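Chain and residue survey
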Amino acid sequence: MAEQLQRQIAETVQDRMHAFLERPHALTHMNVLELIESPALLDDPRALSASWLNQLHAFDNLQNIAVGVEEQGNFIGAGRAADGYFTIAIRDLHEDKHYRVFRVDGEGRPIEKLTEIQNYDARERPWYQAAVQADQAIWSPIYIWAAGTSIGLTAALPIKGADGRLLGVQQAALSLDFISGYLQQLATNLDQKQQFPLCPEPQ
């Protein structure tokens with residue numbers, strides 16, 4: 001019985017991790033299709049960040065959603081911070097070359113600047129270059145994030161226009177801390193089930 005329980009736990013962990021790692025790619029693919037249909041959104045940071053904040057609210061095991069734009073190296077992103085609040089990240093060459101991360105309120109409005117990095121270019125980032133080189137959906141190598149506060153990896157997919165021209169790279173990033181937190185939560189849930197494997201379902 002113990003061996004059977006261990007096997008069931010191993011299979012459950014494998015299934016949960018598969019789903020956990022598939023969702024960033026599925027969401028990235030969906031967002032790429034939207035941007036191919038409406039490429040003007042790449043010049044609308046407000047609309048994109050609002051859409052991605054909604055996605056983060058819908059899926060609590062996603063951490064960051066963003067796009068790097070080929071034409072100017074711009075970046076538009078939304079993220080979930082460790083303490084539960086949400087952020088947006090913008091680099092817009094119409095303003096300057098700086099990458100800025102803001103804490104946002106419940107309506108997605110910036111209320112506090114958290115990070116500012118000068119002379120940022122999304123096209124120079126490891127996840128962007130790896131996706132362009134592969135020309136397909138990838139998991140990037142592990143790399144240090146732009147703000148220098150996290151290490152992680154990214155599900156990335158190039159965005160190609162109808163003429164085959166590269167428009168940018170869509171991504172969904174996970175820090176190693178975020179992945180570790182998910183595994184710890186999964187282990188806790190499984191441990192609770194293991195302690196009471198024969199408890200009947202409540203009537």
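What comes next concerns the included structure. (Residues numbered from 1 in each chain as written. Predicted model: local features only at pLDDT ≥ 70, side-chain atom pairs only at ≥ 80, totals over all residues. Heavy atoms only, no water.)

1. As for the nonpolar core
Rules: As used in this record, nonpolar core signifies buried Ala, Val, Leu, Ile, Met, Phe, Trp, Tyr and Cys residues forming a set joined through side-chain atoms within 4.5 Å. Relative accessible area decides the class of each residue, using a 1.4 Å probe on protein chains only: under 20% of the type maximum gives buried, over 50% gives exposed, and in between gives partly exposed. Think of it this way: any DSSP run of H or I at least four residues long counts as a helix, any run of E at least two long counts as a strand, and we number them from the N terminus. Contact definition: two residues touch when any of their heavy atoms are within 4.5 Å.
With 22 residues, the main nonpolar core has L35, L48, W52 and V67 as its most contacted residues. Secondary structure elements with two or more residues in this core: α1 (2-37), α2 (45-58), β1 (64-69), β2 (75-80), β3 (86-91) and β8 (151-160). It is α2 that provides the largest number of residues to this core, a total of four residues. Aside from chain neighbours lying at most four places away, what touches L48 is L35, L41, L42, V67 and I76. Within the second largest apolar cluster, 18 residues are counted, among which are A89, Y120, Y128 and A173.

2. Let's talk about the side chain of H98
Tracing the backbone shows H98 in the loop between β3 and β4 (99-104). Once residues lying within four places of it in the same chain are set aside, the contact partners of H98 are I90, R91, D92, E116, I117, Q118 and N119.

3. Some thoughts on the environment of Q171
Applied cut-off: Here a polar contact means two N or O atoms within 3.5 Å. Within protein one must be a hydrogen donor candidate and the other an acceptor candidate, and residues neighboring in sequence count only if both atoms are side-chain atoms.
With respect to the helices and strands, Q171 occurs in strand β9 (residues 166-175). Residue classification places Q171 among the buried positions, given a relative accessible area of 4%. Between the C-alpha atoms of Q171 and W127, which are 44 residues apart in sequence, the distance is 8.1 Å. Other than its neighbours up to four places away in sequence, Q171 contacts T28, N64, I65, A66, F75, W127, T154, A155 and A156. Within polar-contact distance, the side chain of Q171 engages the backbone nitrogen of A173 at 3.4 Å.

4. What about a nonpolar patch on the surface?
Heads up, the condition is: Patch definition: residues above 30% relative accessible area lacking any salt bridge, with like charges linked at up to 9 Å and the nonpolar side chains Val, Leu, Ile, Met, Phe, Trp and Tyr linked at up to 5 Å. The accessible surface values rely on the Shrake-Rupley method and a 1.4 Å probe; as for residues, cover is taken only from the protein chains in view. Think of a salt bridge as a Lys or Arg side-chain nitrogen and an Asp or Glu carboxyl oxygen that are within 4 Å of each other.
Taken together, the side chains of I142, I144, I151 and L176 present a nonpolar region at the surface, about 370 Å² in accessible area. Within the secondary structure, I151 is located in strand β8. Taking relative accessible area as the criterion, I151 reaches 42% and is therefore assigned partly exposed.

5. A closer look at the layout of surface pockets
The following threshold applies: Grid spacing is 1 Å over the protein atoms alone, the probe is 1.4 Å, and a cavity is where that probe fits but cannot get out, while a pocket is an open set with protein on both sides within 12 Å along at least five of seven lines and lining residues have an atom within 4 Å of a point. Grid points are joined across faces, edges and corners, and a volume is the space filled by probe spheres set on the points. Amino acids are sorted into nonpolar (Ala, Val, Leu, Ile, Met, Phe, Trp, Tyr, Cys and Pro), charged (Asp, Glu, Lys and Arg) and polar (every other residue, Gly among them).
The calculated volume of the largest pocket comes to roughly 940 Å³. Contributing to the lining of the largest pocket are 40 residues, with Q63, N64, R80, A81 and W145 lying nearest its centre. Considering every element that reaches the lining of the largest pocket, the biggest residue donor is helix α4 (residues 176-195), with six residues. Across the lining of the largest pocket, the residue classes break down as 22 nonpolar, 13 polar and five charged. Its boundaries defined by the atoms lining it, the second largest pocket holds a volume of some 510 Å³. In terms of lining, the second largest pocket is formed by 24 residues, of which the most central are R46, S49, I88, G108 and P110. Secondary structure elements with two or more residues in the lining of the second largest pocket: α2, β3 and β4. For the lining of the second largest pocket, the class distribution of residues is nine nonpolar, six polar and nine charged.

6. Digging into empty space enclosed by the protein
As enumerated under the stated definition, the model contains one cavity of 30 Å³ or more in all. Of the volumes computed, that of the largest cavity is approximately 60 Å³.

7. Some details on the pattern of salt bridges
Counted under the stated rule, the structure contains eight salt bridges. A salt bridge links D96 to R100; the shortest N-O distance between them is 2.8 Å. Residue R123 is joined to D121 by a salt bridge in which the shortest nitrogen-to-oxygen separation is 2.9 Å. Looking at D121, the relative accessible area reads 12%, which means it is buried. The network of salt bridges with common partners includes D96, R100, K113 and E116.

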